[in-house]
Amino acid sequence: MLATLNPAPPSLLNYDRSLLNLVRLSEHFNPLKRLARASKRRVRGRRSIASTRYYSTMSELCSKPHRELFTYTSGRYLYNEKLRLAERHVHFNVPALKDIATNCVGRRCVTRMEKLAEGGFSRVFLLTMDDGFEVIAKLPYSLTVPKHVTTESEVATLDFLSSKRVPVPRVYAWSSEGDNAVGSEYVIMEKAPGQPLESRWFSLTQKERVRLVTSFVEIERKMFSFALGSYGSLYYKGRLPSHLQADLYGPETLDESGDASRFCIGPSTDYMFWRGKRAQLDLNRGPWRNQHEYLRSVGQREIEWTRKFGKAQVNDFPHNTVLKGEVSPKIYLDLLDKYLSVAPYLLPEDRGNPLNRPTLRHPDLNPSNLFVSDSCEVSCIIDWQHTTTLPLLLMAGNPPLFENPDPEPPKGFEKPSLPADYDSLSPEEKIQVDELHRQRVLFYLYMIFNAKDNKPHLDALRYPILMPCQHIVDRAGRQWSGNTITLKGALVRVVNNWDQLAQGISCPVQFDSDDEKEFLHIEGQWFTATTLLEHWRSVLDDLGQDGWVRNESYEKVVEMNRELKREWLDEAEDDEDLLCVEKYWPFQDHEELD
């Protein structure tokens, strides 16, 4: 396998020099400033795919045709923009949506309709009634899959959580069919009570931080206590064929509230089980009653897709200087087969082990999805699309809202403090340091209160090889793209920690010591290339993974991207170098395989 890899550094890429040159070219770059921008970006949209933008008055909408209600206007895309905008176009019958909204809440008419937000998978509108009452209407984009069942599962999940006193919006009306009067699937729901956390995110007092964290940890503690019986997604029993249903609770769970007569666990709505051509494949999408069945399904899904649709790929620059030329999907298939060999040992064997407990968590918790009261207690959590239940060990970890802002985990539980020279810093430096300190404090508070109040989660976090297990499942679930490095790296780490996974059992996967040494050298180069790529993204106004950029920055970013590419073309020493950059520059239109 490694014979296809060329570990020799290419003439074009001298990583240290290049990074320094790029920093010189962008004198505004500052790591703390980047941290603040990245934090702000997280509150703008889901999975860093899209931004949230607000339209304050109906007059802004009324001055333009309905076209603006149907199209994506919250940003631009540096590359493949036509495709991204087409995926987010939603044409629907505006009067029909208004009629359904007024009828489901017993009002006469809608007097104002605003485009409120555009997330990664849905467009959200705020509808105001004749008496001032407000409701939310949420319509999925055409890219949102699986069709029908994503809406079905989200509505059932909201209903179930509400019955357990988890603060979520109440649903007034919904349709999972696209051929209705509106012409689109929709969910009409309660406007979330409280204030968006993102509006207070950068000005929280210490007392408010504590209230935010403690109220959220209490919600998570409650959700971790649900004795769910299988892995998959939640549905109403009456909306799903019986052969796709698994019992909501385990056989020994006392169902005093009668939940099991209304709800069930069904196929996963995880986007990756349905993305692109996967929807055409005969895959095991759940429900899974056994943790090993789920792990196998992840690898088998990508094997099936790669066998049928995978083709030789050339990586984008600068990664194509580490793995040169076309990379065969057969290498990836071999790695996926190795993943299937170790998968039965990644989770505890006993289905009843607490670490295998089916666990439901919010799929993307960031400040735009959380609402808080005046005292900063959590008042509502929104956006439950694609929610799944998975083994606790795979769900464990800090939510994005409270993640560690530092690259290394803390060595203890010492409370964060400002630097000793804080008073001597400039006003701009203080803003940056304050932001980093705020994130560290939130991370610290979550770790403290989670450890105190949510023991099942704490036990999972203490699992000795939690990260290698989560990492390999995540990497095995990624689509073939020409990258063989990250999945092999995850395999190497599982093999090296095998004694902690399966004592007394020989590892079914082995790597020759010379092979591993050579691979780790190449992996280091790959990571450096990734660091360089992420630096470029920060220079390009924190460019999104799919090319998303703010409207107001678009023209400037286009020019900066052009200049950046020209700089690297000028560095080329021969035709091969020129081809590496010109044809495979990462931020330009390119073919996409789904």
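Residues numbered from 1 in each chain as written. Predicted model: local features only at pLDDT ≥ 70, side-chain atom pairs only at ≥ 80, totals over all residues. Heavy atoms only, no water.

A.B. asks: Help me understand the pairing of strand β6 (residues 186-190), please; the structure alone is not making it clear to me.
C.D. replies: The side chains of a regular strand alternate between the sheet's two faces. Most of β6 is tucked away: four of the five residues are buried. With four bridges joining them, strand β4 (residues 134-140) and β6 adopt antiparallel strand pairing. The partner of Val135 across the bridge, within β6, is Glu190. Relative to β6, strand β5 (residues 171-175) is paired through four bridges, and the arrangement is antiparallel. Bridge pairing in β6 links Ala173 to Ile188. (Buried < 20%, exposed > 50% of the residue type's maximum accessible area, 1.4 Å probe, protein only. Helix = DSSP H or I, 4+ residues; strand = E, 2+ residues; numbered from the N terminus. Pairing = 2+ DSSP bridges.)

A.B. asks: Help me out: how do you make sense of the pairing of strand β13 (residues 378-381) in this one?
C.D. replies: The pairing of strand β12 (residues 370-372) with β13 spans three bridges and is antiparallel. From the neighbouring strand, Phe371 faces β13, where its bridge partner is Cys380. Hairpin remark: β12 followed by β13, antiparallel, with five residues in the connecting loop; positive phi at Cys376, about 75°.

A.B. asks: For this particular structure, what's the right way to read the pattern of salt bridges?
C.D. replies: A side chain of one charge can pair with a side chain of the opposite charge when the charged atoms of the two come close. Under the definition given, this model contains 39 salt bridges. The partner of Lys324 in a salt bridge is Glu576, and the shortest N-O contact between them spans 3.5 Å. Remark: Glu576 occurs in helix α19 (residues 575-582) and Lys324 occurs in the loop between α9 (291-309) and α10 (329-342); sequence separation between them is 252 residues. Taking the shortest distance from any N to any O, the salt bridge between Glu559 and Arg562 comes out at 2.5 Å. Residue Glu559 and its partner Arg562 are located together in helix α18 (residues 554-571), separated by three residues, close to a single helical turn. (Salt bridge = Lys/Arg side-chain N within 4 Å of Asp/Glu carboxyl O.)

A.B. asks: What am I meant to see in the packing of aromatic side chains here?
C.D. replies: Think of a pair of aromatic rings as described by two things: how far the centres are apart, and how the planes are tilted against each other in angle. Following the criterion strictly, the structure yields 25 aromatic pairs and no others. Where Phe70 meets Phe92, the ring centres are 5.2 Å apart and the plane angle is 75°; that geometry is what we call edge-to-face. Of the two residues, Phe70 is situated in helix α4 (residues 67-70) and Phe92 in the loop between α5 (81-87) and α6 (94-104); the sequence distance between them amounts to 22 residues. The residues Phe70 and Phe92 share a single accessibility class, namely buried. The interplanar angle of 65° and the centroid separation of 5.3 Å between the aromatic rings of Phe317 and Trp568 together place this pair among those described as edge-to-face. Within this pair, whereas Phe317 is found in the loop between α9 and α10, its partner Trp568 is found in helix α18, the two being separated by 251 residues in sequence. With a relative accessible area of 1%, Phe317 lands in the buried category. An aromatic cluster of three or more residues is present, and its members are Tyr79, Phe317, Trp536, Trp568, Trp585 and Phe587. Stacked on the ring of Tyr554, the Lys or Arg Arg76 has its end atom at 3.8 Å from the ring centre. (Phe/Tyr/Trp six-rings, centres within 6.5 Å; stacked < 30°, edge-to-face > 60°. Lys NZ or Arg CZ within 6 Å of the ring centre and 35° of its normal.)

A.B. asks: Any chance you could explain the packing of α18 against α19 here in plain terms?
C.D. replies: Each pair of packed helices gets described by two things: the angle between the helix axes and the distance between those axes. At a minimum axis separation of 9 Å, α18 and α19 run at an interaxial angle of 165°. Compared by their axis directions, α18 and α19 come out roughly antiparallel. Both α18 and α19 take part in a crossing whose hand is right-handed. Contacts from Lys565, Trp568 and Leu569 in α18 reach Leu578, Val581 and Glu582 in α19. (Axes fitted to C-alpha atoms, helices over the stretch in contact; angles between N-to-C directions. Parallel < 35°, antiparallel > 145°, perpendicular 65-115°, else oblique. Left-handed = near helix turned anticlockwise from the far one by under 90°. Contact = heavy atoms within 4.5 Å.)

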